[in-house]
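Each chain, letter by letter, is given below.
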Amino acid sequence: MKLRERSQMIKQIEADVVVVGGGPAGVNAAIAAGRSGAKTVLIEKYGFIGGMSTAALVYPWMTFHTTDGKQVIAGLAQEIIDRLMAMNASPGHLRDTVGFVNTITPYHPEIYKVLAVDMLKEAGVKLLFHSFVDHVETVNNRIQSVQLTSKSGRIDVSGKVFIDTTGDADLAYLSGAPCLKGRDGDKATQPMTMKFRMRGVNLPAVKQYMIDHPDEFYKKTPFSELADLPLSGVLGYFKHWKEANLPINRDQVLFFTGPEDDEVLVNTTRVQGLDGTNVEDLTEAEELGRKQVLMVAEFMRNNLPGFEKASISNVGTQIGIRETRRIDGQYALQVDDVVQGRHFDDVIARSGYPIDIHDPSGKGVTAAWVKGDGAYDIPYRCLLPQKIENLLTAGRCISTTHEALATTRLTPSCMATGQAAGSAAGLAVKHGVLPAEINVAELQAVLEQDGALLK
């Protein structure tokens, strides 16, 4: 078959804004772009929305607040929570009974999948599920189109502005934008985790055991208030975990409650030393992660008070990824920017989540809390790659250091940068300029008008 004949068989789709990756960042980016009036397409490899939140069971969403309880993320992210609450699919923001942050936000992933699609369609966004971007056409440092592999053959999607919300900077990487991976030196990344749910858990018994044995749990657990708080999360069982001596390089059990009354989401497996952008490593990680799930579930059922009748009810469609590629952008958010609670003139989102580095090779977690007013700014320049002029990023793959990524990777932050990228793309289309050329003050005004918290 001649090349010309083959090219004529490729379906063509034209848009103003093309968003690649349908996780929380991509959802909010596409909604924001669609609401701006731009003709928007959202491309997602799975048959459902939600990215790590639904495919990998990342739960709950944490956090919308500072450690003092001041809300610093709202906008589209809060609108989603409000609509989930109206559907009885989220209790809203609850105190974190682990004590790591002030609040966490449980939600029902299956209802989120449906709500997100409703909101995307309300915004006029065209959805392409079961579609995988495997080629990017660039001319003079601008993306002309992305090509998709799909069940119905090749699809060519052209646009004016593109947004990478793949989590792995796939679009940026394929377009030739400079990217980084992992920490400096050995390029090691934070470990992957296969999350799973258990039903049949006696949560009142768990809570009572915590109250009776506080020395076995995380030191920041709010024990003085625990009797009166709904149990939302648990970190500890240090003695039980140590005695079990499982071949998992971690030093405690972590789980969160809900969405049902007898249900928990377990975040305890740990797969280290593998690259989430390497298909052979990912294949091995999926195998190791699922074996660890069975191991941890058996340990919990046999050893932890309250889990005597518990059983696995759900395991992630895929392993959870904390860190892979990120862009080497026009500014890289630094660890000091986070810890000092630094402000930027081009702020487009804020976060109060601490540095939270799961050790790439060891057992522990390195944490550092935000000083100042408890929140730090994320500047617009972090969304802008070098070299590729009509590309924005949002979510896990924005421009940061390895250490700063350990806070910006959290879902509410991804939602906030997603809204910012989508709004920026809408302005770029409206004014016929490149994303780097928009008036940042105008972007900030749009974001604040749409409920974002930038001060």
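Residues numbered from 1 in each chain as written. Predicted model: local features only at pLDDT ≥ 70, side-chain atom pairs only at ≥ 80, totals over all residues. Heavy atoms only, no water.

1. Comments concerning the sheet that holds strand S10 (residues 161-164)
- Ordered in space as S6-S3-S2-S10-S22, the five strands form an open sheet in which the pairing is parallel. Looking along the sheet, the strands with just one partner apiece sit at the ends: strand S6 (126-128) and strand S22 (391-393). Ignoring which end each strand starts from, the neighbouring axes of this sheet average 20° apart.
- The pairing of strand S3 (residues 40-43) with S6 spans three bridges and is classified as parallel. For isoleucine 43, the partnering residue across the bridge sits in S6 and is leucine 128.
- Running at roughly 170° to S3, helix H2 (residues 24-35) makes contact with strand S2 (17-20), S3 and S10 of the sheet. (Pairing = 2+ DSSP bridges. Helix = DSSP H or I, 4+ residues; strand = E, 2+ residues; numbered from the N terminus. Axes fitted to C-alpha atoms, helices over the stretch in contact; angles between N-to-C directions. Contact = heavy atoms within 4.5 Å.)

2. Quick look at the layout of surface pockets
- A volume near 320 Å³ is recorded for the second largest pocket.
- Residues of the lining of the second largest pocket, tallied by class, amount to 11 nonpolar, five polar and two charged. (1 Å grid on protein atoms, 1.4 Å probe; cavity = no way out; pocket = protein on both sides within 12 Å on 5 of 7 lines; lining within 4 Å. Points joined across faces, edges and corners; volume = space filled by probe spheres on them. Nonpolar A, V, L, I, M, F, W, Y, C, P; charged D, E, K, R; others polar.)

3. Some thoughts on the packing of aromatic side chains
- In this structure the tally under the stated criterion is 14 aromatic pairs.
- Taking 3.8 Å as the distance between ring centres and 10° as the angle between the ring planes, the aromatic pair formed by tryptophan 61 and tyrosine 107 counts as stacked. Of this pair, tryptophan 61 sits in the loop between helix H3 (52-55) and helix H4 (75-86) while tyrosine 107 sits in the loop between strand S5 (103-104) and helix H5 (109-122), placing them 46 residues apart in sequence.
- For tryptophan 61, a relative accessible area of 0% gives the class buried.
- Here tyrosine 107 falls in the buried class, since its relative accessible area comes to 1%.
- Centre to centre, the rings of phenylalanine 255 and phenylalanine 307 are 5.3 Å apart; their planes meet at 75°, and the pair counts as edge-to-face. Of this pair, phenylalanine 255 sits in strand S14 (residues 253-257) while phenylalanine 307 sits in the loop between helix H10 (279-303) and strand S16 (311-315), and the two are 52 residues apart along the sequence.
- Using a relative accessible area of 0% as the deciding quantity, one classes phenylalanine 255 as buried.
- Within the aromatic cluster, the residues linked to one another by ring pairs are Tyr209, Phe217, Tyr237, Phe255 and Phe307. (Phe/Tyr/Trp six-rings, centres within 6.5 Å; stacked < 30°, edge-to-face > 60°. Buried < 20%, exposed > 50% of the residue type's maximum accessible area, 1.4 Å probe, protein only.)

4. With respect to the nonpolar core
- One finds Trp61, Tyr112, Ile348, Tyr380 and Leu392 to be the most contacted residues of the largest nonpolar core, which totals 84 residues.
- Looking at this core element by element, the count peaks at 10 residues for helix H13 (residues 411-431).
- Look past the residues within four positions of leucine 392 in its chain and what remains in contact with it is Val161, Phe162, Ile163, Asp164, Tyr380, Leu383, Leu384, Ala421, Ala424, Ala425 and Pro435.
- Counting 34 residues, the second-largest nonpolar core is a separate cluster that includes Phe217, Tyr237, Trp241 and Ala310. (Core = buried A, V, L, I, M, F, W, Y, C linked by side-chain atoms within 4.5 Å.)

5. A short note on helix H14 (residues 440-449)
- For H14, every residue scored as buried is listed here: Leu443, Gln444 and Leu447. The arc that holds every buried residue of H14, seen down its axis, measures 100°, which confines them to one face.
- At its buried positions, H14 is contacted by strand S18 (347-351) and H13.
- Measuring from the side-chain oxygen of the N-cap residue of H14 to the backbone nitrogen of alanine 441 gives 2.9 Å; that N-cap residue is asparagine 439.
- Following H14 by one or two positions, glycine 451 adopts a phi angle in the positive range, close to 95°. (Arc of directions from axis to C-beta. Polar contact = N/O pair within 3.5 Å; in protein donor to acceptor, adjacent residues only side chain to side chain.)

6. Examining empty space enclosed by the protein
- The final tally for this structure, using the stated rule, is one cavity of 30 Å³ or more.
- Along the walls of the largest cavity sit 17 residues, with Ala74, Ala416, Gln419, Ala452 and Leu453 positioned nearest its centre.
- Of all the elements in the fold, those that place two or more residues in the lining of the largest cavity are H4, S18 and H13.
- Of the residues forming the lining of the largest cavity, the biggest block, four residues, is contributed by H13.

7. Side note on the confidence of the model for the protein
- Confidence in the prediction for the protein averages 95 pLDDT; 98% of positions are at 70 or higher.
- When the criterion is pLDDT under 50, residues 1-7 qualifies, and its contacts beyond four places in sequence or with other chains add up to three contacts. (pLDDT = per-residue confidence, 0-100.)

8. Examining the side chain of threonine 268
- Assignment of secondary structure puts threonine 268 in the loop between strand S15 (264-266) and H10.
- Relative accessible area serves as the criterion here: at 0%, threonine 268 is assigned to the buried category.
- Here leucine 254 takes part through its backbone nitrogen, which lies 3.1 Å from a polar atom of the side chain of threonine 268.
- Beyond its immediate chain neighbours, meaning those up to four positions away, threonine 268 contacts Thr193, Trp241, Ile248, Arg250, Gln252, Val253, Leu254 and Val296.

9. Points about H13
- Taking 1.5 Å of rise per residue, the 21 residues of H13 would be expected to cover 30 Å, and the 30 Å separating its terminal C-alpha atoms lies within 8% of that figure.
- Taking burial as the measure, the 21 residues of H13 include 19 buried ones, the bulk of the element.
- Phi turns positive, to about 65°, at glycine 432, one or two residues after H13. (Expected span 1.5 Å × (residues − 1).)

10. Quick look at the sheet that holds S16
- Strand order in the open sheet formed by five strands is S13-S14-S15-S12-S16, with antiparallel pairing between adjacent strands. Where the open sheet ends on each side, the last strands, each with one partner, are strand S13 (233-236) and S16. Sheet twist, expressed as the mean angle between neighbouring strand axes with direction ignored, is 25°.
- As paired elements, strand S12 (residues 196-199) and S15 share three bridges and run antiparallel to each other. Across the sheet, phenylalanine 196 pairs through a bridge with valine 266, a residue of S15.
- Along the sheet, H10 makes contact with S12, S14, S15 and S16, crossing S12 at roughly 30°.

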